[in-house]
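Now for the letters of each chain:
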Amino acid sequence: MAGTSSGIVAGLTAVAIGVVGYLAYQAQATVPPNLSGRPGPSAASASPTGRAPRDPLHPGALPSGSGTGERVVYSVDDDRVWLVDEHNLVRRSFPVNPGTVDPPVGRYWVTSRSNAVTGTDGLPIEHVVRFTSVDGVVIGFSAALRGDADTGDGVKTGGIRERREDGDAMWKFATIGVPVVVIR
């Protein structure tokens, strides 16, 4: 009887390992393109241009391939931001005016925030939400206090400017550690 029960345990263990392996394979196959940091089975679903697929009937809709869960999605090609909650529902979407330095496509996290500072272009800004830097230029979202979403002329800046009401929404949503997904 002991040999039979050990055979059953060994069989169940083999089945469990097979199920875990299958689930791991399925999880890898559903990683969105450009977010895993390495090519994989999902690379075939990426568009030839490197852009996340868009819904032609709803141009402001959240592009597919931007991940899942709570996150800020920023499209450098569309100059648009989506604030997405933990249930994958878009809580707010709005246009932005980027600085002169774009962040590379990828997944980042909010690393620091400032309520009010002077931007690298010399303009007073508020609700600064930073998530990366490129060649020494800090990249983040902010709103100009003068209500102007444009960045200063001729200055190398990573400020992604929002209207003040959009900056308020970003400030409330994007706390330290919230993911920021940059797409084309």
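Residues numbered from 1 in each chain as written. Predicted model: local features only at pLDDT ≥ 70, side-chain atom pairs only at ≥ 80, totals over all residues. Heavy atoms only, no water.

Colleague: Please explain the overall build of the chain as it appears in this structure.
Modeller: Broken down by element type, the chain carries two helices and nine strands. Listing the helices and strands of the chain from first to last along the sequence gives α-β-β-β-β-β-β-β-β-α-β. In the chain, which comprises 184 residues, the proportion classed as buried is 38%. Of the contacts formed within the chain by residues at least 6 apart in sequence, a portion of 51% connects residues at least 24 apart. Summed over its atoms, the accessible surface of the chain is roughly 9900 Å², and 58% of this surface lies on carbon and sulfur atoms. (Helix = DSSP H or I, 4+ residues; strand = E, 2+ residues; numbered from the N terminus. Buried < 20%, exposed > 50% of the residue type's maximum accessible area, 1.4 Å probe, protein only. Contact = heavy atoms within 4.5 Å. Areas by Shrake-Rupley, 256 points an atom, 1.4 Å probe, with all protein chains shown as cover.)

Colleague: Which parts of the structure should I look at to understand the pairing of strand β9 (residues 179-183)?
Modeller: Sheet faces and side chains relate simply in a regular strand, where the side chains alternate between the two faces. β9 sits mainly inside the fold: five of its five residues count as buried. Judged by which residues are buried, β9 turns out to be covered on both faces: P179, V181 and I183 on one side and V180 and V182 on the other are all buried. Here strand β1 (residues 71-75) pairs with β9 via four bridges, running parallel. Residue pairing across strands places V72 opposite V180, the latter belonging to β9. By the bridge criterion, four bridges tie strand β4 (residues 106-109) to β9 in an arrangement that is antiparallel. (Pairing = 2+ DSSP bridges.)

Colleague: Explain the side chain of S75 here, please?
Modeller: Mapped onto the elements of the fold, S75 is located in strand β1. With relative accessibility at 0%, the residue S75 sits in the buried group. Within polar-contact distance, the side chain of S75 engages the backbone nitrogen of D78 at 3.0 Å. (Polar contact = N/O pair within 3.5 Å; in protein donor to acceptor, adjacent residues only side chain to side chain.)

Colleague: Looking at this structure, I do not really get the nonpolar core. What am I missing?
Modeller: One recurring pattern in soluble globular proteins: nonpolar side chains tend to sit buried together. Counting 25 residues, the largest nonpolar core has V72, V81, F141 and M170 as its most contacted members. Looking at this core, the elements with two or more residues in it are β1, β2 (80-84), β6 (124-134), β7 (137-144), α2 (164-173) and β9. The element best represented in this core is α2, accounting for four residues. The residues contacting F141, other than those within four sequence positions of it, are V72, Y74, V81, H127, V128, V129, F131, I160, E162, M170 and V180. (Core = buried A, V, L, I, M, F, W, Y, C linked by side-chain atoms within 4.5 Å.)

Colleague: Teacher, can you tell me more about the environment of S133 here?
Modeller: Topologically, S133 is positioned in strand β6. In sequence terms S133 and D102 are 31 residues apart; their C-alpha atoms lie 9.4 Å from each other. Apart from the residues within four sequence positions on either side, S133 is in contact with V138 and I139.

Colleague: Honestly, the sheet that holds β2 in this entry has me stumped. Any pointers?
Modeller: The strands that make up a sheet pair up through hydrogen bonds in the backbone, lying either parallel or antiparallel. Taken in spatial order, the five strands line up as β3-β2-β1-β9-β4 in an open sheet, and their pairing is mixed. Single-partner strands in this sheet number two, and they are β3 (90-95) and β4. Strand after strand, the sheet turns through a mean of 20° between neighbouring axes, direction not considered. Contacting β1, β2 and β3, α2 crosses the sheet at an angle of about 140° to β3. (Axes fitted to C-alpha atoms, helices over the stretch in contact; angles between N-to-C directions.)

Colleague: When you look at the environment of S114 in this model, what are you seeing that I'm missing?
Modeller: Note that S114 resides in strand β5 (residues 112-118). As a C-alpha pair, S114 and V128 span 14 residues in sequence and 5.1 Å in three-dimensional space. In contact with S114, other than residues within four places in its own chain, are E126, H127, V128, R130 and W171. Within the local environment of S114, its side chain forms a polar contact with the side chain of R130, the two groups lying 2.7 Å apart.

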